[in-house]
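What follows is the residue order along each chain.
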Amino acid sequence: QQLEEHAAKIVRDTYPTYSKIGAGVKSLRRFPVLAPFVSFPAEVVRTQFNTLRIGLEEMQDPRTRAIGAQRWVGSVASLFGTSIASMASMALLGITDDQDEDLRLFVPFWEENSRFWYLDRQPGGKFTYIDLGYSDPHAWITDAVFAFMRGESYEESTKRAAKEFARPFF
């Protein structure tokens, strides 16, 4: 019975469970013009944090160390998978970081820090790409990190993360 209760707690802590949403997020749901659908990104943060926390706890115990390591590898892969895919597509098509930066000067502002899956590189500097941010539940976090890495200040990238939290809803 202890094992079943422990397993049930792990599932509750690592899967989106909208009954676990905090009071602050619930109050934001009352103002759908300002922040509609805030529950999903809030659950992304809660489940990601809990997954990493549980993985650390499991890695402390020699009996569950392998499970904790797998949990951490999966979490890191889910956080940075789109970045890895983007870099892979750039490498396959021979697109340099400078060319990627140049492209970002011409994309809409909401895509300037997204990860792109490059499909084609045409003569004259034309690219065909897919913005991976719309299929990545962690994009509003990783886009802010990417903005910081591209030279935005900590304050600017933090503000960007707050804006990205609401981006899918406007």
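Parameters at a glance
Residues numbered from 1 in each chain as written. Predicted model: local features only at pLDDT ≥ 70, side-chain atom pairs only at ≥ 80, totals over all residues. Heavy atoms only, no water. Pairing = 2+ DSSP bridges. Helix = DSSP H or I, 4+ residues; strand = E, 2+ residues; numbered from the N terminus. Core = buried A, V, L, I, M, F, W, Y, C linked by side-chain atoms within 4.5 Å. Buried < 20%, exposed > 50% of the residue type's maximum accessible area, 1.4 Å probe, protein only. Contact = heavy atoms within 4.5 Å. Salt bridge = Lys/Arg side-chain N within 4 Å of Asp/Glu carboxyl O.

**Let's talk about the pairing of strand E1 (residues 116–122)**
Point 1. In the sheet, E1 pairs with strand E2 (residues 126–131) via six bridges, with the strands oriented antiparallel. In the sheet register, Trp117 faces E2, and the bridge partner there is Ile130.
Point 2. Counting the residues in the hairpin turn of E1 and E2 gives three residues, including Gly124, whose phi is positive at 85 degrees.

**So, the nonpolar core**
Point 1. In this structure, Met90, Ile95, Leu103, Val107, Phe116, Tyr118 and Phe127 together form the largest nonpolar core, which totals seven residues.
Point 2. Excluding its chain neighbours within four sequence positions, the residues that come into contact with Val107 are Glu112, Phe116 and Tyr129.

**Some remarks on the side chain of Glu111**
Point 1. Within the secondary structure layout, Glu111 lies in the loop between helix H5 (97–104) and E1.
Point 2. On the basis of relative accessible area, Glu111 is assigned to the buried category, the value being 11%.
Point 3. Ignoring sequence-local partners within four residues, the contact set of Glu111 consists of Arg104, Phe116, Tyr129 and Asp131.

**What to know about the pattern of salt bridges**
Point 1. Counted under the stated rule, the structure contains seven salt bridges.
Point 2. With its nearest N and O atoms 3.4 Å apart, the salt bridge here joins Asp13 to Arg53. Linking Asp13 in helix H1 (residues 2–14) with Arg53 in helix H3 (residues 39–60), this pair joins segments that are 40 residues apart in sequence.
Point 3. Residue class for Asp13 comes out buried when judged on its relative accessible area of 8%.

**Quick look at helix H6 (residues 139–149)**
Point 1. Turning to H6, its buried residues are Ala139, Trp140, Thr142, Asp143, Ala144, Phe146 and Ala147.
Point 2. One or two positions beyond H6, positive phi appears at Gly151, with a value near 115 degrees.

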